[in-house]
Amino acid sequence: MSRKAKVGFVGTGVMGKSIVKHLLAAGHEVSIYTRTKEKAKDLLDLGAKWAESPGEVAVQVEVIFTMVGYPSDVEEIYYGDTGIFENGKPDLIAIDLTTSTPTLAIDLYKKAQAVGMSSLDAPVSGGDVGAKSGKLSIMVGGDKDVFDKIQPMFSLFGENVVYQGKAGAGQHTKMANQIAIASTMIAACEAITYAKEAKLDPELVLKSITTGAAGSWSLTNLAPRMLKGDFEAGFYMKHFIKDMGIALDESRKMNVTLPGLEMAYSMYRNLAELGFENEGTQSLIKAYDK
């Protein structure tokens, strides 16, 4: 797939929109579908083609990427009457970039095989910043030969692309990623809170600690947004809550206790109940407001 191909994309949200732009810039012919056409106007102006359903996208392309909000949304666009499996051509390669459940990823893989298609679960990390810069981390599960075929496309919007193993492995890896983020977000918020209470300049504190042993992506990229009061979503709080819920469910199945994740999950759910669910994950700092 280093050649120019007909590519589909379903779900052009905060991150999906930037990924489509990378695909267009590389010369691929891209057909798109998202729930609100008006929100995709800039992509259509750049040359993307509009389709009226996921199935209408699937019938036109060789490769289709999907990136939606919840596992239920994934099920709808793949299994529905106007979905990918019902309408896509044999040999279609379907790649789900949504952070979803490992169980669903395996189901998609088996269904794709049954109808002569291929599928990969390939959740990403890096938020809006990584999507815009083309430096996402992509964690991939599925057949290795299919991964190898798609690798050139992944490289258009991913800097760290790793094949993790069989179907579901990408989603399991993303759960490990989200577990790590959950605790580092708490750490970033508490570091800022402590710095403020100590009457320090928090921006100077970040200058010192982001490059040392305490450094993390959250501290470097999201802590400055906290200080500026910028709570716009690069990654929605409501979607992170969904991810943490999946991770907790999976950990229970394996009889693993994760108290740090449980604490972060509780804090974020409390903020969501206060009306902040459509803000970015950096809004966790509001849990520390006096």
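Just so you know, these numbers come straight off a predicted model, no measurement behind them. (Residues numbered from 1 in each chain as written. Predicted model: local features only at pLDDT ≥ 70, side-chain atom pairs only at ≥ 80, totals over all residues. Heavy atoms only, no water.)

**Some details on the overall build of the chain**
Each helix and strand counted, the chain has 13 helices and nine strands in total. Computed over C-alpha atoms, the radius of gyration of the chain comes to 19 Å, within 12% of the 19 Å expected from 2.2 N^0.38 for 290 residues, which places it in the range of a compact globule. The principal-axis extent of the C-alpha atoms belonging to the chain is close to 60 × 45 × 35 Å. The long-range fraction of contacts in the chain, counting pairs at least 24 apart against all pairs at least 6 apart in sequence, stands at 66%. Surface exposure of the chain reaches about 13400 Å², of which carbon and sulfur atoms provide 51%. On the chain, the mean spot of the 31 positive side-chain charges and the mean spot of the 35 negative ones are 4 Å from each other. (Helix = DSSP H or I, 4+ residues; strand = E, 2+ residues; numbered from the N terminus. Rg over C-alpha atoms; globule rule 2.2 N^0.38 Å. Contact = heavy atoms within 4.5 Å. Areas by Shrake-Rupley, 256 points an atom, 1.4 Å probe, with all protein chains shown as cover. Lys, Arg positive; Asp, Glu negative; His and termini not counted. Charge placed at Lys NZ, Arg CZ, Asp CG, Glu CD.)

**A few points about the pattern of salt bridges**
Following the criterion strictly, the structure yields twelve salt bridges and no others. Of the charged contacts in the structure, one is a salt bridge between Asp42 and Lys21, with a shortest N-O distance of 3.7 Å. Of this pair, Asp42 sits in helix α2 (residues 41–45) while Lys21 is found in helix α1 (residues 14–25), placing the two residues 21 residues apart along the sequence. Put simply, Arg35 and Asp73 hold a salt bridge, and the shortest N to O gap is 2.8 Å. Of the two residues, Arg35 is situated in the loop between β2 (29–33) and α2 and Asp73 in helix α4 (residues 71–79); the sequence distance between them amounts to 38 residues. A cluster of three or more residues bridged by salt bridges with shared partners is formed by Lys17, Lys21 and Asp42. (Salt bridge = Lys/Arg side-chain N within 4 Å of Asp/Glu carboxyl O.)

**Notes on the side chain of Thr34**
Note on placement: Thr34 falls in the loop between β2 and α2. Reaching out from Thr34, the side chain makes a polar contact with the backbone nitrogen of Thr12 at a distance of 3.4 Å. Residues within four places of Thr34 in sequence aside, it is in contact with Gly11, Thr12, Ala40 and Trp50. (Polar contact = N/O pair within 3.5 Å; in protein donor to acceptor, adjacent residues only side chain to side chain.)

**What to know about the nonpolar core**
In terms of nonpolar packing, the biggest core is built from 52 residues, with Phe65, Ile95, Leu97 and Phe154 touching the most fellow members. Counting residues per element, this core draws most heavily on helix α8 (residues 144–157), at six residues. Once residues within four sequence positions are removed from consideration, Leu97 is found in contact with Phe9, Ile19, Phe65, Thr66, Met67, Ala122, Pro123, Val124, Phe154 and Phe157. Core analysis: the second largest hydrophobic core is formed by 28 residues, Met175, Ala182, Met244 and Tyr265 among them. (Core = buried A, V, L, I, M, F, W, Y, C linked by side-chain atoms within 4.5 Å. Buried < 20%, exposed > 50% of the residue type's maximum accessible area, 1.4 Å probe, protein only.)

**A few points about the environment of Pro202**
Residue placement: Pro202 occurs in helix α10 (residues 202–209). On the basis of relative accessibility, which here comes to 17%, the residue Pro202 falls in the buried class. The spacing of Pro202 and Ile192 is ten residues in sequence and 6.2 Å in space, taken between C-alpha atoms. Discounting chain neighbours no more than four positions away, the residues touching Pro202 are Lys196 and Leu227.

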